[in-house]
Amino acid sequence: MEMMQNWKVKLQTPLTSKLKEDGNTGVLREVYSHTQYEFTLAEALEYIRNDKLNYARFDDMMLHNVVLRDAMRNFGVKKVINQIKEFAPASEKLEELFERFQNKYSDDCIGNLDIQVYSVIENFQIFGETLHGLDDILAYMEISIGINQTSASIEKPEKRGELHVGQLWERYPCFDLSDYATERCFYQNYIIRKEPIRETEILQLKKFRISERIPLDMLPMVYYVGDGGFMLVATCRE
């Protein structure tokens, strides 16, 4: 029981900042992501209760948070949901979200990896090296391939060092000539390695995305939806 109290304490310890609105992809970033929080779990649940995109928000909060992921692996989804209810305001909508999540995710659904949300300009570490947001990932990129291409293009990285980055990209859906002429956004998947990346590794990205079932030898990976201020980072558990 003491271990469960520990994660509860982490989740209910707020920093000085308040809930902030960062656009559709940015809401509740800190409570998805790290072990330090800008607001309490109760505040996050209150926000989700009033959010029209509450299904996605609640799943993200549970699955993109290293503290909650560890708790669900250690104690099971049902026990964690039951303890989260202690923080929740009375709400039929939240009760529906709790039941839906519990039915959707069994105890063995939570993969043995960490999935976190970062700002595209936020520092984070991979293999002990600090990357300065998405621009730094692009600066290390040495190989790239489109989802419909059969061979990769070799890029000249702006930075050289201990890290090597490969990219799989896919254009946003286009429905007419005007879309093709103006669309500049791409879904972007990256793998990061300590040695030069082979084309066969990039082609593997066509089969695997960041999810609970991704093979651990595909990690670390980064996913950027192509628009907005946030990206997903998946790593092996520390």
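Criteria and thresholds
- Each chain has its residues counted from 1, following the order in which its sequence is written.
- A pLDDT threshold of at least 70 governs which residues receive local features in this predicted model, and a stricter bar of 80 or more applies before side-chain atom pairs are shown or counted, although totals over entire chains, interfaces and linings include all residues.
- Side-chain metrics in this entry use all non-hydrogen atoms of the structure; hydrogen atoms and water are not considered.
- By the criteria applied, helices consist of DSSP H or I runs no shorter than four residues and strands consist of E runs no shorter than two, each listed in order from the N terminus.
- In this scheme, a helix's expected span is set at 1.5 Å multiplied by one less than its residue total.
- Throughout, exposure labels follow a simple rule: accessible area from a 1.4 Å probe, protein chains only, divided by the maximum for the residue type, with under 20% read as buried, over 50% as exposed, and the rest as partly exposed.
- It is the directions from the helix axis to the C-beta atoms whose arc is reported.
- Here a polar contact means two N or O atoms within 3.5 Å. Within protein one must be a hydrogen donor candidate and the other an acceptor candidate, and residues neighboring in sequence count only if both atoms are side-chain atoms.
- Definition used in this section: a nonpolar core is a set of buried Ala, Val, Leu, Ile, Met, Phe, Trp, Tyr and Cys residues joined via side-chain atoms within 4.5 Å.
- Note on contacts: a residue pair qualifies if any of its non-hydrogen atoms lie within 4.5 Å across the two residues.
- Stacked, edge-to-face and tilted labels apply to pairs of Phe, Tyr and Trp rings (six-membered ring for Trp) whose centres lie within 6.5 Å, assigned for plane angles under 30 degrees, over 60, and everything in between, in that order.
- Look at NZ for Lys and CZ for Arg. If either is within 6 Å of the ring centre and within 35 degrees of the ring normal, a charge sits over the ring.

Q: Looking at this structure, I do not really get helix α7 (residues 92-104). What am I missing?
A: Three or four residues apart is the spacing at which side chains of an α-helix point the same way, because the helix has 3.6 residues per turn. Look at α7: 18 Å from first C-alpha to last across 13 residues, which is about the 18 Å you get at 1.5 Å a residue. Taken as a whole, α7 has its buried residues at Leu94, Leu97, Phe98 and Phe101. In a view along the axis of α7, the buried residues occupy a sector of 100 degrees, so they form one face of it. For α7, the exposed residues set more than 90 degrees away from the buried face come down to Glu92, Glu99 and Asn103. Where α7 starts, the residue carrying a side-chain oxygen 3.2 Å from the main-chain nitrogen of Lys93 turns out to be Ser91.

Q: Mind showing me how you'd approach the nonpolar core here?
A: Nonpolar side chains tend toward joint burial in soluble globular proteins. Leu45, Phe58, Met61, Met62, Ile84 and Phe101 are the most contacted members of the largest nonpolar core, which has 23 residues in total. Those elements that provide at least two residues to this core are α3 (41-49), α4 (54-63), α5 (66-75), α6 (77-84) and α7. Discounting chain neighbours no more than four positions away, the residues touching Met62 are Leu68, Arg69, Met72, Val80, Ile81, Ile84 and Phe101. Leu113, Ile197, Ile210 and Ala234 belong to the second-largest nonpolar core, a separate cluster that totals 20 residues.

Q: In this structure, what is going on with the packing of aromatic side chains? I would like to understand it.
A: Within a pair of aromatic rings, the relevant descriptors are the distance that separates the centres and the angle that separates the planes. Evaluated as defined, the whole model comprises five aromatic pairs. With a centroid separation of 5.5 Å and 65 degrees between ring planes, the pair formed by Phe58 and Phe98 is classed as edge-to-face. Linking Phe58 in helix α4 with Phe98 in helix α7, this pair joins segments that are 40 residues apart in sequence. Look at Phe58 and you get buried, because its relative accessible area is 0%. With centroids separated by 4.6 Å and ring planes inclined at 35 degrees, the aromatic side chains of Phe101 and Tyr105 adopt a geometry described as tilted. Among the aromatic residues, those joined into a ring-pair cluster are Phe58, Phe98, Phe101 and Tyr105. Sitting above the plane of the Phe127 ring, Lys194 keeps its charged end 5.1 Å from the centroid.

Scope: geometric values only; no functional claims are made or implied.
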